[in-house]
Every structure is written in C-alpha cells, then in structure tokens.
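Structural description and commentary
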Amino acid sequence: MGKKIEELDVEVDELALSLVGWQVENVRARLVTDSFDDTHFQEIVVSGTARFLREDWADRFSRDEDDDYPPTLLLGLSPVDRPELISYTHALLETIKKVGKRPVRFSQSSSTWECSKPVKPEEVRLQVTSFDLGETDLDLTWPSAKTKPLPAELIDETVHEAARLKPTTCNATIVGKKRDASLQMRIGGFAEFGSAKELLADLIAMESWRGDAPEDEHDVEAECPFEVPLPGIAVEVLDETDFLLDKREVSLYGRIPVGEGAALPSRQPRWIAQFPFDLGDLSGKPTRVVVRVLDAEDL
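The shown structure was predicted, so the numbers you read here are calculated from the model rather than taken from an experiment. Residue positions are counted from 1 within each chain, in the order its sequence is given. Two thresholds apply to this predicted model, a pLDDT of at least 70 for residue-level local features and 80 or more for giving and counting side-chain atom pairs, whereas whole-chain, interface and lining totals are computed over all residues. Remark: hydrogens and water are excluded; side-chain values derive from all non-hydrogen atoms of the structure.

**What about the sheet that holds strand 14 (residues 182-193)?**
A pair of strands is considered paired only if DSSP assigns at least 2 bridges between the two. Segments assigned H or I by DSSP are reported as helices when at least four residues long, segments assigned E as strands when at least two residues long, and all are numbered from the N terminus. Strand order in this open sheet of five strands is 10-19-14-13-11, and the pairing throughout is mixed. Whereas interior strands pair on both sides, the edge strands pair on one side only; in this sheet they are strand 10 (133-136) and strand 11 (147-150). Taken pair by pair, the neighbouring strands of this sheet meet at an average axis angle of 20 degrees, ignoring direction. Pairing between strand 13 (residues 163-175) and strand 14: 12 bridges, direction antiparallel. Residue pairing for strand 14: Thr173 is matched across the bridge by Gln184. Only the contacting stretch of a helix is used when fitting its axis, a line to C-alpha atoms as for every element, and angles between N-to-C directions run 0 to 180 degrees.

Quick look at the structure:
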C-alpha cells in the first residue's frame, strides 16, 4: 500500500500555440499511483502558466473577431504507442481580457482509472496545444485497455468549392466495457480556401437574397471585407443492418475572412472535433460510422 508520484514529460506544441496567440510556461505533470495490494488507482495532474498575446493572433478563423474568448488551450493525452486514442480537454477557459492582461496559472486532473498493472511514465504522451477551431467534449482520460476500432467512412457532400474542410484524421473507437463503454469520435485536419474571387462566388451562392447576377458583375474589392462560412460535419452511427442508431451534427463556427483589398489569411486553419456516444443509450450495437462533410447552410 502507498502513494507513488512520478514526473511526466510534457510536449509543448509551440508553433501551434504561437499561431493562435498562446504562450505557455512552466508546464509540469505528475503521474499519481495509489496502490492497494494488487489493485492500483492512477491519475494524471497537470500544472502550468499561460498568457494570451492578442497581437500574435494574426489569422483569425472564428466566426466573430470580437469574441471574448481566445482559441481553446488544450491538453492532449494518449498512450505513446496508440496516438489515435488521444483525448483533448480544455486546459484553461478564460476571457481574452483576463489572460491578455497577465499570466494565469492553470491546473487539470485526469479521471482516475483502476488497473492491475500500473501505467509507467514512459508510456504516457501528454501535449499542450491549440487549434484555430474546435469542438471538444471529451475529458482528460486514460483509455481503457479494452478498445475496439470501428470502420469510419468519410463522405464529402459539399457543393461549394472555395472553402473546404480537409480531414486528415477520422477515428471511431469503442472504449471501455459493457455499461461503461462509449464510442469516441475524433475528426480533425485543416481547411483549404481559394482566391478572393472564388470565395465571393461561394458567398453569393449561399445568400439567395443577392439574386442571380453573373459572377463577373461583382466587384470583389467593393464587397470587401466579407467572410465565407466553413463547412461542418455530421456523424452517423450505424448497426450491421444500416439502422441509424444516433447522429450528431457539428458546426465549427469557422469562416475564411477576406479583408480590405481582397487580403486573404496567410495560412490554412487547423481544426479538431471529438465527442463520445454512450453505448448504453443506443438501440443496437454499432458496427460502423459515416462522417459527412456538409455545407454550412445544411447544418
């Protein structure tokens, strides 16, 4: 019996953080193990300091530049040998006014897990990062030893071509046993966008009130500034008979801004969406997942 506290390495994704205005310092983590004979209870505790530098947030893809909150500062946790099982959680949720004024301390703890063989520090990958756009509903959780990947089919059903989501990750995994099991979805990637003229053409197509004026009749610079909404996603959970067990639609509330003089962002935005489905709430056994990328007006 006894408690064991071990230091963990923390990866700080400085490039991703700097692109959205975050500066983090003194990030430390500990693996805490409480042992009772052959049963062990473990958790991970993270501590650090963060500050938001609004002047460094040059390319903004959120729906409203005057939003009170910065892009979310995230902690990512996964086994070193199973990076697809990463779970992100909010490290800090404060207003730009507060985190831009002075450095703010943060602390987060994972959920506690029970095991017969303790996890070792070198088996843990812990990361601090941020995305331009994100929807994260998972806690900081060490994945159960019982996991099962499900086939995930990705279908792009968008019709607008100037601003598109390009997923690079699409994972569906059943985690846990029986009543405690959940289906965890992780989809992420970046967004591509075309010229200011192409973006304006898409915006006109989305806004029926503009009429059917030919594309070449619109003066791009005269329309500036404007912004074009990014697509979202819909996740369908299906059983072996193709019965729809559950569905979730996610709007990232993202947009591609076109500034004065048809100025475009200097880089592509990064995005992440992750959330669980409780298997106990489903009317059947999930066997596959379909992820549809949809135009913003279809969500």
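That shown, we press on.
**Quick word on the pairing of strand 17 (residues 244-250)**
In terms of strand pairing, strand 16 (residues 232-238) meets strand 17 through six bridges, oriented antiparallel. Note on strand 17: the bridge partner recorded for Glu236 is Lys247. Hairpin geometry of strand 16 and strand 17 is characterised by an intervening segment of five residues between the two adjacent antiparallel strands and by a positive phi of about 75 degrees at Asp242.

**Brief notes about the packing of aromatic side chains**
Aromatic rings considered in pairs are described by the distance between their centres and by the relative angle of their planes. Aromatic contacts are taken between Phe, Tyr and Trp rings whose centres are within 6.5 Å, Trp giving its six-membered ring; a plane angle under 30 degrees counts as stacked, one over 60 as edge-to-face, and the others as tilted. As enumerated under the stated definition, the model contains six aromatic pairs in all. For the ring pair Phe36 and Phe41, a centre distance of 6.0 Å and an interplane angle of 70 degrees mean the geometry is edge-to-face. Using a 1.4 Å probe on the protein chains alone, a residue whose accessible area is under 20% of its type maximum counts as buried, one over 50% counts as exposed, and one in between counts as partly exposed. For Phe36, a relative accessible area of 40% gives the class partly exposed. Residue classification places Phe41 among the partly exposed residues on the basis of a relative accessible area of 32%. Here a set of aromatic residues connected by ring pairs shows up, and it is made of Trp22, Phe52 and Trp57. When the NZ atom of lysine or the CZ atom of arginine is within 6 Å of a ring's centre and also within 35 degrees of its normal, the charge is said to sit over that ring. Note that Arg248 overlies the ring of Phe275, its terminal NZ or CZ placed 4.5 Å from the centroid.

**Observations concerning a positive patch on the surface**
Taken together, Lys146, Lys148, Lys177, Lys178 and Lys285 make up a surface patch of like positive charges. As for its position among the elements, Lys178 is in the loop between strand 13 and strand 14. The exposed category is assigned to Lys178, whose relative accessible area is 79%. Within this analysis, patches are made of residues with over 30% relative accessible area and no salt bridge. Like charges are joined at 9 Å or less; nonpolar side chains (Val, Leu, Ile, Met, Phe, Trp, Tyr) at 5 Å or less. Each accessible area value is a Shrake-Rupley result obtained with a 1.4 Å probe; residue values ignore everything except the protein chains displayed when judging cover. The term salt bridge refers to a side-chain nitrogen of Lys or Arg lying within 4 Å of a carboxyl oxygen of Asp or Glu. Working convention for charge: Lys and Arg count positive, Asp and Glu count negative, and His plus the chain ends are omitted. Where a charge sits is defined by one atom per residue type, namely NZ (Lys), CZ (Arg), CG (Asp) or CD (Glu).

**Let's talk about the confidence of the model for the chain**
Mean pLDDT over the chain: 91, with 94% of residues reaching 70 or higher. Within the chain, no element has a lower average pLDDT than helix 4 (residues 220-223), which sits at 89, and none a higher one than strand 20 (residues 288-294), at 98. pLDDT is defined as a per-residue confidence score from the predictor, taking values between 0 and 100.

**Observations concerning the environment of Phe190**
Within the element layout of this structure, Phe190 appears in strand 14. Of the residues examined, Phe190 reaches a relative accessible area of 25% and is grouped as partly exposed. Apart from the residues lying within four places of it in its own chain, the contact partners of Phe190 are Arg164, Leu165, Lys166, Thr168, Gln268, Pro269, Arg270 and Trp271. Contacts: residue pairs with any heavy atoms within 4.5 Å of one another.

**Brief notes about the pattern of salt bridges**
For side chains of opposite charge, pairing can occur when their charged atoms come near one another. Applying the stated criterion across every chain, the model contains 17 salt bridges. Ionic pairing is found between Glu84 and Arg82, a salt bridge with its closest N-O pair at 2.5 Å. Overall, Arg82 belongs to the partly exposed group, its relative accessible area being 28%. Note that Asp132 is salt-bridged to Arg267, the shortest N-O span being 2.7 Å.

**Focus on the pairing of strand 6 (residues 87-92)**
Burial within strand 6 is extensive, with five of its six residues counted as buried. Across five bridges, strand 5 (residues 73-79) lies against strand 6 in antiparallel orientation. Residue pairing across strands places Leu75 opposite Thr89, the latter belonging to strand 6.

**Describing the sheet that holds strand 12 (residues 152-156)**
Read across the sheet, four strands follow the order 12-20-16-17 without closing on themselves; strand pairing throughout is mixed. The two strands at the open ends of the sheet, each matched to only one other strand, are strand 12 and strand 17. Across the sheet, the mean angle separating the axes of adjacent strands is 15 degrees when strand polarity is ignored. When strand 12 meets strand 20, the two strands line up parallel, connected through five bridges. Across the sheet, residue Asp156 finds its bridge partner in strand 20, namely Val293.

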